[in-house]
Amino acid sequence: MDLLALADFNLVARHEGFGRAARATNRPKATLSRRVAELEEALDLRLFERGARTLKLTQEGRALFARTGPLLVDLEESAAAIASGGGKPRGRLRISVPLLFAQTAMGRIAANFAQRYPDMRLEVTTEDRPVDMIEEGFDLVIRVNPDPDDSLVGRAFLHDRLVVVASPDLAQPESDRATPVVVRSMSDRTPWRIRKAEAAVIAIEPILGLASLVMVRDAVRAGVGAGCLPISLVSHDLARGTLVQWGEVDAPDIALWALYPTRRLLSARVSAFLDFLKKTFPLGTPDELAAFIGRG
């Protein structure tokens, strides 16, 4: 495959047109058109749907752009870093993070990172669903207890654990009675098992369904019901006595992972962000995350 033709294809796809790409790079439009046509002929694929006034990627063109674009960017950045003697990373870094981490910590992390790396352009989106990193163009994703995936590698950089908490005014019910609770889904009626000297089970009666754990915490603070929440989110309430803990949930601990595709070289941009997370949370403990949230 002609890498120069592939680079020109990515250039046209990124600018969404031959004319725009030609103007942006001060290159002849005819040259770009010829290079893309040669690539289509070599691959025996049509990469663009050409209309009278529009140019759109075909399904095959979108797939090729999604898979080769980040690789070409990484190669360009590697060459630039070598030429400049290994200077600071530059360029765009696109990250997907879960909602709770976005609401409680990611804003300040992003601001601090931008100040540390002024030549980088950080773009953060919030998704609790498992995104397709290649198809959707993400460089890095942060996920909670991700399923094993051979196409991704990374590291766990934070840990947390779940606790059952309530307002001091809400008495813990007897074992045979359901307690009013705030949950993320009203259909979830699975009893909560908590760790004590003797295993305890809390029967639940959902009275509020709130999509965000921050909203769940705020409703629990108001005394409407108990909640099952990460301890980092409520540790300051527990210290102040505005919430009390009924027990730790008998479940695996929460781990936040930073993941990137195995098929890509670890770019300077991704490496810089991973190192920044490690410096922000050197121990990766719930107390460290709670302290960070508390400073907000």
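Structure: above.
Within any chain, residue numbers begin from 1 and follow the written order of that chain's sequence. In keeping with the model being predicted, local features are shown solely for residues with a pLDDT of at least 70 and side-chain atom pairs are shown and tallied solely at 80 or more, while totals for entire chains, interfaces and linings include all residues. With hydrogens and water set aside, each side-chain value is computed from the structure's full complement of heavy atoms.

S.K.: Provide a residue-level description of the overall build of the chain, including the pertinent values.
M.R.: The helix and strand tally for the chain stands at 10 helices and 14 strands. Taking the principal axes of the C-alpha coordinates as reference, the chain spans close to 80 × 40 × 30 Å. Using a 1.4 Å probe on the protein chains alone, a residue whose accessible area is under 20% of its type maximum counts as buried, one over 50% counts as exposed, and one in between counts as partly exposed. Considering the chain as a whole, with its 296 residues, one finds that 41% of them fall into the buried category. In the chain, of all internal contacts separated by at least 6 residues, the share reaching a separation of at least 24 is 73%. Computed with a 1.4 Å probe, the accessible areas rest on the Shrake-Rupley method; for each residue, only the protein chains presented here act as cover. Carbon and sulfur atoms form 52% of the exposed surface of the chain, whose accessible area is close to 16,100 Å². Only four residue types enter the charge count, namely Lys and Arg as positive and Asp and Glu as negative; His and the chain termini do not. Here the site of a charge means atom NZ of a Lys, CZ of an Arg, CG of an Asp or CD of a Glu. Averaged over its 39 positive side-chain charges, the chain has a centre that lies 7 Å from the centre of its 38 negative ones. Secondary structure counts use DSSP, requiring at least four H or I residues in a row for a helix and at least two E residues in a row for a strand, with both numbered from the N terminus. Note on contacts: a residue pair is in contact if any heavy atoms of the two residues lie within 4.5 Å.

S.K.: Which residues make up a nonpolar patch on the surface, and what are the values?
M.R.: Residues enter a patch when their relative accessible area is above 30% and they make no salt bridge; the linking distance is 9 Å between like charges and 5 Å between nonpolar side chains (Val, Leu, Ile, Met, Phe, Trp, Tyr). Only one rule defines a salt bridge in this text: a Lys or Arg side-chain nitrogen within 4 Å of an Asp or Glu carboxyl oxygen. Nonpolar side chains collect at one region of the surface, where I207, L208 and V224 lie side by side and expose about 190 Å² of accessible area between them. Inspection of the secondary structure assignment puts I207 in strand β11 (residues 204–209). Assessed through its relative accessible area of 37%, I207 is described here as partly exposed.

S.K.: Give me the pattern of salt bridges: which residues, what numbers.
M.R.: Inspection of the entire model under this criterion finds 20 salt bridges. In this structure, R189 engages E205 in a salt bridge whose closest nitrogen and oxygen atoms are separated by 3.3 Å. Here R189 is found in the loop between β8 (179–183) and β9 (192–195), whereas its partner E205 is found in strand β11, with 16 residues between them in sequence. Among the residues examined, R189 registers a relative accessible area of 46% and is labelled partly exposed. Here D218 and R221 are joined by a salt bridge, their closest N and O atoms 3.3 Å apart.

S.K.: Talk me through the nonpolar core; I want residue IDs and the actual numbers.
M.R.: Residues belong to a common nonpolar core when they are buried Ala, Val, Leu, Ile, Met, Phe, Trp, Tyr or Cys residues joined through side-chain atoms within 4.5 Å. Residues F101, I109, F157 and F273 are the most contacted members of the largest nonpolar core, which totals 28 residues. Elements with a minimum of two residues in this core: β3 (91–97), α5 (99–116), β5 (140–144), β6 (152–160), β14 (254–261), α9 (268–280) and α10 (286–294). For this core, the element with the most residues is α9, which contributes 6 residues. Once residues within four sequence positions are removed from consideration, I109 is found in contact with F101, F273, F276, L277, F281 and F292.

S.K.: An account of the sheet that holds β9 is requested, with residue identities and associated values reported.
M.R.: Pairing between strands is defined by DSSP: at least two bridges between them are needed. Taken together, the 7 strands give an open sheet; going across it, the order is β10-β9-β13-β7-β12-β8-β11, and neighbouring strands pair in mixed fashion. Every other strand in the sheet has two partners, leaving β10 (200–202) and β11 as the edge strands with one partner each. Each strand of the sheet is rotated relative to its neighbour by a mean of 45 degrees, with strand direction disregarded. Summarising the sheet, β9 and β10 pair through 3 bridges and their orientation is antiparallel. Bridged to W192 within β10 is I202. The axes are straight lines fitted to the C-alpha atoms, using for helices just the contacting stretch, and the angles between their N-to-C directions are given from 0 to 180°. On top of the sheet, helix α7 (residues 213–221) reaches β7 (162–166), β8, β11 and β12 (226–230); it is set at about 140 degrees to β12, its chief contact.

S.K.: Describe in detail the pairing of β3, supporting the description with residues and values.
M.R.: Burial analysis of β3 places 5 of its 7 residues in the buried class, which makes it a mostly covered element. Note that β3 and strand β4 (residues 120–126) share 7 bridges and pair parallel. Bridge pairing links R92 to R121 in β4. Here the term right-handed applies to a crossover when the path leading from its first strand over the helix to its second strand runs clockwise, the strands being oriented away from the viewer. In this region the chain leaves β3, passes through α5 and returns to the parallel neighbour β4; the handedness of that crossover is right-handed. Sheet analysis places β3 next to β5, joined by 2 bridges and oriented parallel. Of the residues in β5, the one forming a bridge with I95 is L140.

S.K.: Describe unusual backbone geometry, listing the residues and the values that go with them.
M.R.: Even without glycine at this site, N26 takes up a positive phi of about 55 degrees. As for its position among the elements, N26 is in the loop between α2 (18–25) and α3 (29–43). Residue N26 is classed as exposed on the basis of its relative accessible area of 72%. Although it is not a glycine, D44 adopts a positive phi angle of roughly 60 degrees. Locating D44 in the fold gives a position in the loop between α3 and β1 (48–50). Note on D44: relative accessible area 69%, which makes it exposed.

S.K.: So what's going on with helix α1 (residues 3–15)? Which residues, and what values?
M.R.: The span expected for a helix works out to 1.5 Å for each residue beyond the first. For α1, spanning 13 residues, the distance from its first C-alpha to its last is 18 Å, which sits close to the expected 18 Å at 1.5 Å a residue. For α1, the complete set of buried residues consists of A5, L6, D8, F9, N10, L11, V12 and A13. In the stretch just after α1, E16 is the one whose phi turns positive, near 60 degrees.

S.K.: Outline the packing of α7 against helix α8 (residues 231–240), listing residues and values.
M.R.: Orientation of α7 relative to α8, taken along the N-to-C sense of each, is 15 degrees, at an axis distance of 10 Å. Classed by the angle they form, the pair α7 and α8 counts as roughly parallel. The interaxial crossing formed by α7 with α8 has right-handed handedness. Between α7, through L213, V214, R217 and R221, and α8, the contact on the second element is made entirely by L233, V234, D237 and R240. For classification purposes, an angle smaller than 35 degrees is called roughly parallel, one larger than 145 roughly antiparallel, one from 65 to 115 roughly perpendicular, and anything else oblique. Here a crossing is called left-handed whenever its near helix is offset anticlockwise from the far helix by less than a right angle, and right-handed whenever the offset is clockwise.

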